[in-house]
Structure formats: structure tokens, C-alpha cells
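As a plain string of letters, each chain reads:
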Amino acid sequence: MEPAPFTLDDPRENARDAPYTYFLPSGEELAAIEPDDQVKLVFRSVPPSDRWDAERMWVTVEDANGDHLQGRLDNEPSDMPLLAVGAPVSFQRHHVVAINWGSDRSRPPPEPPERREYWDRCMVDGGVLYDEWWVYYLYREPPDLAGPEDKYPDSGWRIRGWREGLTDRETEESRAEYVALGAVLNRDDSWLHLIDAPVGSAFIRGSRDEQFRPTSAATE
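Structure report, in brief. (Residues numbered from 1 in each chain as written. Predicted model: local features only at pLDDT ≥ 70, side-chain atom pairs only at ≥ 80, totals over all residues. Heavy atoms only, no water.)

## Some words on the pattern of salt bridges
If the charged atoms of two oppositely charged side chains come close together, the side chains can form a pair. Inspection of the entire model under this criterion finds 14 salt bridges. Between Arg115 and Glu117 there is a salt bridge; the shortest N-O distance is 3.5 Å. Arg115 sits in the partly exposed class, given a relative accessible area of 44%. Each member of the salt-bridge network shares a partner with another, and the members are Glu141, Asp144, Asp154 and Arg158. (Salt bridge = Lys/Arg side-chain N within 4 Å of Asp/Glu carboxyl O. Buried < 20%, exposed > 50% of the residue type's maximum accessible area, 1.4 Å probe, protein only.)

Here it is, written out as C-alpha cells:
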């Protein structure tokens, strides 16, 4: 048998690394997948494609045997010439990143879990996102950065980071980033309990192990 012209990502590691922005179906939802449901998987071309690192595509489930599922590809790949619509796909339930429930199921699908998502935007030191700085000072000002076409609003949060041994040059070279609150929480969620504080609030801590305490809302 020839090897498959693709591999499938195991998305669980991504979900562990980015719990506030990378969401997967619950265990109950995965267990409920049955034939005629449509599921989304992350495909990587073998050999690697020229344009895309990976492609998310839908598969219609044809057979479900325990954790093992079999289906047919529903999408035309953008840059995977050895894979076409209708190709057979074998996979495990944990490969699934999204589900469209079939209309003729043997039982109703489970309710999705309740969860809060944090897509509103904020300004944050790039070092928090990329260089393992921890959040040491944050304040909330009237939101003023969102554009008329932006899907998500500016939350008003402005977040500064720090780490031991940080030099003035490193501080100056760290660019501020306008990102989702969840992207910051993925790196440091120690301030999650403050996220609903009103405009005008400000908090600071002296070290990563300290608790935040209220302070004045002035840029530091």
C-alpha cells in the first residue's frame, strides 16, 4: 500500500499551548461523532507543499469504529496536488478541530461547553508574547484604537511586561502589539481575575510571584 500523501496534525498540543485562543470540541462532542457528520481536520502535504504549511479541510464521516473514523474529503486542497476531493481519509477522534453535525443523526448532538472567549483587543509589550516576559503593569483607558472595519473592539487594556535582567535596550526594542486579550492570556493569565475591571483601573506587581495591587493609571 502506498503511503498517504498527507499527515494529520494532533491539535491537542496547540490547545494546551494556547488555551484562550485555540478551542477544540469537548470530549463529549468527539465521542458523539457518527457517520454523516462533517469534521474538520488539519492536513499537511507529503511531500511539503510550496505555498501552505497546513490546510484545514472538511471530511464527511462514513464509518465510526471506536476511536477510529473513516471518511471522504469534502474540500479541494489549495496546494496539495496528490490529494483531491473524495479521497479516503482515516483518522482518530482527537484529530478533529471542528464539527458540523449531520441532519439525520441517530441521537441529538451534545450541547457545546460554555466558555468565555477573549477576542477583544489590547496593547501589550511584544516581549510578553515572544520573549517570556511576565505582565507586571496594566491599566485600562477609554478604547480608542479600533477601526470602523475591525471585527473585534479595543478593550482599552494597555499591558506592560518585564523579566529579570531586562536591559533598557531590550525594553526600547520591544514593540507594542495590538492583539487579542486571549493572546496575552496564553502567555500569562495571572491577571485574568482583573479583566473586567472598569476604565480607569490600573494594577502593578513587583515580581512574578507577587499579587497585583491597585495603582494609578499613568503610563510607566
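## Quick notes on the packing of aromatic side chains
Inspection of the entire model under this criterion finds eight aromatic pairs. Judged by centre distance (6.4 Å) and plane angle (85°), the ring pair of Phe23 and Trp119 falls under edge-to-face. Here Phe23 is found in the loop between helix H1 (12-17) and helix H2 (27-32), whereas its partner Trp119 is found in the loop between strand S6 (98-100) and strand S7 (121-125), with 96 residues between them in sequence. Ring pairs connect the aromatic residues Tyr136, Tyr137, Tyr139 and Trp162, which therefore count as one cluster. (Phe/Tyr/Trp six-rings, centres within 6.5 Å; stacked < 30°, edge-to-face > 60°. Helix = DSSP H or I, 4+ residues; strand = E, 2+ residues; numbered from the N terminus.)

## Let's talk about the nonpolar core
Judged by nonpolar contacts, the single largest core of 22 residues is most densely connected at Val135, Leu138, Trp157, Ile159, Val184 and Trp191. Of all elements in the fold, only S7, helix H3 (126-130), strand S8 (134-140), strand S9 (154-162) and helix H5 (181-187) reach the threshold of two or more residues within this core. In terms of residue count, H5 provides more of this core than any other element does, three residues in total. Filtering out sequence-adjacent residues up to four positions away, Ile159 remains in contact with Cys122, Met123, Val124, Asp125, Val135, Tyr137, Leu138, Val184 and Trp191. Residues Ile33, Met80, Phe91 and Val96 belong to the second largest nonpolar core, which totals 19 residues. (Core = buried A, V, L, I, M, F, W, Y, C linked by side-chain atoms within 4.5 Å. Contact = heavy atoms within 4.5 Å.)

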